[in-house]
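Here is how the chains run, residue by residue.
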Amino acid sequence: MHPAARLALRSGLRSVGTTAQLSRFQPSTLPRVVVRFSSTGGNPQYEFIQVTEPRPGVGQITLNRPKALNALSTPLITELNLALSSFQSSPTTSCILLTGSEKAFAAGADIKEMAPLTFSSAYTNSFIESWSNLTTALKKPLIAAVSGHALGGGCELALMADILYCTKTANFGQPEIKLGTIPGAGGSQRLTRAVGKAKAMELILTGKSFSGEEAEKWGVAARSYGSYEELMEQALKTAEVIAGYSKVAVQAAKEVVNKSQDLGLRDGVEFERRVFHALFGSEDQKIGMKAFAEKKKAEWKHQ
Ligand code: CO8
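Keep in mind the model is a prediction, meaning the values are calculated, not measured.

Q: Help me understand the pairing of strand S3 (residues 49-55), please; the structure alone is not making it clear to me.
A: Put simply, side chains in a regular strand alternate between the two faces of the sheet. Relative to strand S4 (residues 58-63), S3 runs antiparallel, the two sharing five bridges. By the bridge assignment for S4, Gln 50 is matched with Thr 62. Turn length for the S3-S4 hairpin, with the two strands adjacent in sequence and antiparallel, is two residues, and the turn residue Gly 57 shows positive phi of about 80 degrees.

Q: Sorry if this is basic, but what is going on with the sheet that holds strand S11 (residues 209-211) here?
A: Each strand in a sheet pairs with another by means of backbone hydrogen bonds, the pair being arranged parallel or else antiparallel. In spatial order, the strands read S6-S8-S10-S11; together these four strands make up an open sheet with mixed pairing. Of all the strands in the sheet, the pair left with one neighbour each is strand S6 (104-106) and S11. Direction aside, the axes of adjacent strands within the sheet are offset by 20 degrees on average. Sheet topology places strand S10 (residues 171-173) next to S11; three bridges connect them, and they run antiparallel.

Q: I'm lost on a nonpolar patch on the surface in this one. Help?
A: Together, Ile 177, Met 201 and Leu 205 give the surface a local cluster of nonpolar side chains, amounting to about 280 Å² of exposed area. Inspection of the secondary structure puts Leu 205 in helix H9 (residues 197-206).

Q: Would you take a moment to explain the site of the ligand for this structure?
A: Neighbouring the ligand are 24 residues, the closest being Ala 107, Ala 109, Lys 112, Ile 128 and Gly 153. Here an oxygen atom of the ligand and a backbone polar atom of Lys 67 are 3.4 Å apart. Within the backbone of Ala 109, one N or O atom sits 2.8 Å away from an oxygen atom of the ligand. Coverage of the ligand by the protein amounts to 65% of the 1100 Å² it exposes when considered alone. Breaking the shell around the ligand down by element, the ones donating at least two residues are helix H4 (111-114), strand S8 (149-151) and helix H7 (153-160).

Quick notes on the rules
For every chain, the first residue of its written sequence is number 1, and the numbers climb from 1 along that sequence. The predicted nature of this model means local features are confined to residues of pLDDT at least 70 and side-chain atom pairs, given and counted, to a pLDDT of 80 or more, with totals for whole chains, interfaces and linings taken over all residues. Computation of side-chain values covers all heavy atoms of the structure but excludes hydrogens and water. A pair of strands is considered paired only if DSSP assigns at least 2 bridges between the two. To qualify as a helix, a DSSP run of H or I must reach at least 4 residues; to qualify as a strand, a run of E must reach at least 2; elements of each kind are numbered from the N terminus. Here an angle of 0 to 180 degrees is reported between the N-to-C directions of two axes, which are lines fitted to C-alpha atoms, with helices fitted over the stretch in contact. Think of a patch as exposed residues, more than 30% relative accessible area, with no salt bridge, where like charges cluster within 9 Å and nonpolar side chains (Val, Leu, Ile, Met, Phe, Trp, Tyr) cluster within 5 Å. Here the accessible surface of atoms and residues is derived via Shrake-Rupley with a 1.4 Å probe, and residues count as covered only by protein chains that are part of the display. We define a salt bridge as a side-chain nitrogen of Lys or Arg found within 4 Å of a carboxyl oxygen belonging to Asp or Glu. Throughout this document, a residue counts as near a molecule or strand when at least one of its heavy atoms sits within 4 Å of that molecule or strand. Any pair of nitrogen or oxygen atoms within 3.5 Å is treated as a polar contact; in protein, a donor-acceptor pairing is required on top of that, and neighbouring residues in sequence qualify only through side-chain atoms on both sides.

Dropping the structure here:
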């Protein structure tokens, strides 16, 4: 089996494999996912995403379903999970950038795919459960660069990133109420944590959009930019900065910040201290502090 497929299977991404394997795992109501691997065993050939390495240590995933404004279908999410899994296991990737096009980050879950689903098929096939692989299996930092529409599942996908950058004119929103449903990939939880209950209630109950400028003002986005080009340049720059640090320290930093979302303050501070203590066992802590004292650039060993 191709190593990327083996990895994906190990991390619970069961829908990647040969056509025969797929038909066993996938519910018949959902489209088939076929990810082809090159005959030389190289990178998989993706249909709905593009995968590049634009800067040293930086892996980029670009959602690429332009005709449907990057609507998030099961095959697209399967490819996204596979690409994330490959970057997670790649020794040369330290930080990942997730983006769409200038027009759309993603206009939501694929409404045409969801329309015929029944309760029993969604429930028994754990529809969209694999989306959360992104938040649980990925230990490397993920930056979302959002331009254009980030609606419904698209907004939720952006909210799963560790850092969110956007254009000032980006169009965020949770419009599911207009379709007779509700956010299903964490929107009601992550958006509420980001903007507070009053604003989240208003946004989710009315389905009203909010701009990238508002996203920055409300703390959903770390920064917003005047143009798409500036957004991409700054997102890559940030990714490169992060990729230049010790992988051990970066993973620990992501882990402790994420714990703040689950733990009370006292437990969170204790957890942080334990991880901080643990880093005295890393070579990179010695390298970093010695380099500071000698006024040299740290040459990380990532150990
Ligand atoms: N799903 C499927 N197709 C879509 C979607 C979508 N979410 N959004 C756009 N498209 C398609 C359109 O159908 C159209 O296709 P076609 O040319 O074949 O008719 C094409 O993309 C272009 O769209 P428009 O012509 O509508 O483009 P406009 O520029 O006029 O409008 C909008 C852009 C405002 C973004 C509009 O397309 C729109 O409102 N889209 C739907 C937005 C939405 O409601 N998103 C939420 C979906 S529900 C959801 O995400 C639930 C999440 C629950 C958990 C996750 C489950 C997986």
